[in-house]
Amino acid sequence: MTRPAAPVFEPALVQAWIAAGVRHELMMRVLPALRHDMAGPLSVARMGNTVLRRYLSADPFNPELSLKRLSQTEEQLNGLVVLIRGLGRWDVHATERAAAPALLDQALLLMRPLLDTQNLQIAEGDSLPDLADWPSVAPPRLLYLVIGALIHLQESAEGAGGLVRMQRADDGGLRLRLEPAAAAGDQEFPAPVMTSGMGPRPLRIDAQALQCLAIDLGAEIGIGDRQVVIAPLAAAEEDAPAAIAS
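Everything numeric here is computed off the predicted structure, so don't read it as measured data. (Residues numbered from 1 in each chain as written. Predicted model: local features only at pLDDT ≥ 70, side-chain atom pairs only at ≥ 80, totals over all residues. Heavy atoms only, no water.)

## Quick notes on the packing of helix H4 (residues 139-157) against helix H5 (residues 207-216)
- At a minimum axis separation of 10 Å, H4 and H5 run at an interaxial angle of 175°. What the angle tells us is that H4 and H5 run roughly antiparallel. Contacts between H4 and H5 pair Tyr-144, Leu-145, Gly-148, Ala-149 and His-152 from the former with Ala-207, Leu-210, Leu-213 and Ala-214 from the latter.
- Per-class residue counts for the contact of H4 with H5 are seven nonpolar, two polar and no charged. (Axes fitted to C-alpha atoms, helices over the stretch in contact; angles between N-to-C directions. Helix = DSSP H or I, 4+ residues; strand = E, 2+ residues; numbered from the N terminus. Parallel < 35°, antiparallel > 145°, perpendicular 65-115°, else oblique. Contact = heavy atoms within 4.5 Å. Nonpolar A, V, L, I, M, F, W, Y, C, P; charged D, E, K, R; others polar.)

Structure below.
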């Protein structure tokens, strides 16, 4: 019996699959925050419908109260629609573009609950870099890179807590640097490490995984001891000149 031919692995294809796996792992890390943001408006809208039902059955009927409650419910539903549409920002094939400062803010907003579970804080003593001089880019390029860098630093801290400082590098890049709790000055950190409720994560976002992600997203990064530097992202040739609303 002849043996089947050994499979031929194309390096570029293997690289693409590894990067896809890294993106999936990052998405699983921030999914609780995304789910929480979407559940909030929906819960308020459901509560509003309960109140509206009482208004409609009241005697005498008050149309002004009913219309006011209906308007509030519509506002919550519109907010939910915006959040659902925002999921498209995670699609690496999306054609929309967004301003770098808005993407950085979104990444930090999503990561704060996860960092808190490991007693890590984003230092805000100095103003955060706004990246205003960076071009508008496809959202996944910056979202995945910043979140990947933060998780890489979080795992480097190994539960010891600390500060993550974000600054501009000499070349205009974005530097993320971890200061463990023992070296973070007078900053106080809770002693016990909280649990995230997600269970143990068998996969680590190590330097190799982070570098693979950057290559797939067309970005250059430098990974050092407790530090990640994301080089300024260049606008792709097909990028639209105008950014989407933040």
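## Here we look at the environment of Ile-221
- Inspection of the secondary structure puts Ile-221 in strand E4 (residues 221-224).
- Overall, the relative accessible area of 14% leaves Ile-221 in the buried class.
- Sequence separation between Ile-221 and Leu-145 is 76 residues, and the spatial gap between their C-alpha atoms is 9.0 Å.
- In this structure Ile-221 touches Leu-145, Leu-210, Gln-211, Ala-214, Val-229 and Ile-230, once residues within four positions along its chain are discounted. (Buried < 20%, exposed > 50% of the residue type's maximum accessible area, 1.4 Å probe, protein only.)

## Quick look at unusual backbone geometry
- The linkage connecting Asp-59 with the following residue, Pro-60, adopts the cis geometry, with an omega of 15°.
- Mapping Pro-60 onto the fold places it in the loop between helix H1 (11-57) and helix H2 (63-86).
- A positive phi angle, close to 60°, is found at Asn-119, a residue other than glycine.
- In this fold, Asn-119 is placed in the loop between helix H3 (100-116) and strand E1 (120-122).
- For Arg-226, which is not glycine, the phi torsion reads 55° and is therefore positive.
- Relative to the helices and strands, Arg-226 is located in the loop between E4 and strand E5 (227-230).
- Judged by relative accessible area, which is 39%, Arg-226 ranks as partly exposed.

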